[in-house]
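Residue-level structure breakdown
Below, each chain spelled out in residue letters.
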Amino acid sequence: LTNTCTVAEPDSTGIGMKQLHTITLEGNAKVTGISQFGMVGSSWGQATLNLNGNTLTKEGSNTFRLYNTRVQSPGLIQVNGGKVITHSGQGSGTLDLTRASIGIDGGEFELGGNNQSIQELTLTSGSLTIGSGLTLTALGDVTMSSGTVSGNLCLSGTITLTGDGTNTVNLSSAVLSGTS
């Protein structure tokens, strides 16, 4: 999936973004581009992302938004560059990441809109930002070797922090809690 539009055109979200309503992966896929684009249903309705056990990798410096998007089947959202921003709360759709695992290696993942649960979290480098007053719950294991976490992160599985003396995980702005 590549967005090659060099001029942001206004759309129903008012943020000048190219929109996709449904993505179904039949294999691993990459998201890249030169301007922002993302998923949002018509009139802020529900958008659907079917990972089907595959990996959707975000590369490049642009922003890919998941607004009111429901992940309908398990898989990995991998952020290797740029930013993935999630949001819900406007219109009739809701954000549902429960079936997704999140990997961050050089990019940024930003949670907005409402509390969410994900399967697993891997932070190799980059940043995870959880919006003010929100909580992200990792239902499975969390592995971090380098990067920054800001916000409330609730752990249901095991957290593994690794480093080689050079790489660090910055949790100074994070609030960690556990259920196990």
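Everything below is about the structure printed above this text.
Read on for a plain summary of the structure. (Residues numbered from 1 in each chain as written. Predicted model: local features only at pLDDT ≥ 70, side-chain atom pairs only at ≥ 80, totals over all residues. Heavy atoms only, no water.)

Before going further, it helps to examine the sheet that holds strand S9 (residues 69-73). For sheets, the rule is that strands pair by backbone hydrogen bonds, running either parallel or antiparallel. In space, the 3 strands of this open sheet follow the order S3-S6-S9, with parallel pairing throughout. Among the strands making up the open sheet, the edge pair consists of strand S3 (22-24) and S9. Averaged over all neighbouring strand pairs, the angle between strand axes comes to 20°, with direction disregarded. In the sheet, S3 pairs with strand S6 (residues 47-50) via 3 bridges, with the strands oriented parallel. Bridging from a neighbouring strand, Ile23 pairs with Leu49 of S6. (Pairing = 2+ DSSP bridges. Helix = DSSP H or I, 4+ residues; strand = E, 2+ residues; numbered from the N terminus. Axes fitted to C-alpha atoms, helices over the stretch in contact; angles between N-to-C directions.)

Positionally, Val169 belongs in strand S19 (residues 169-178). When its relative accessible area of 21% is taken as the criterion, Val169 is described as partly exposed. With 25 residues separating them in the primary sequence, Val169 and Met144 have C-alpha atoms 6.8 Å apart. In this structure Val169 touches Met144, Ser145, Ser146, Gly147 and Leu161, once residues within four positions along its chain are discounted. (Buried < 20%, exposed > 50% of the residue type's maximum accessible area, 1.4 Å probe, protein only. Contact = heavy atoms within 4.5 Å.)

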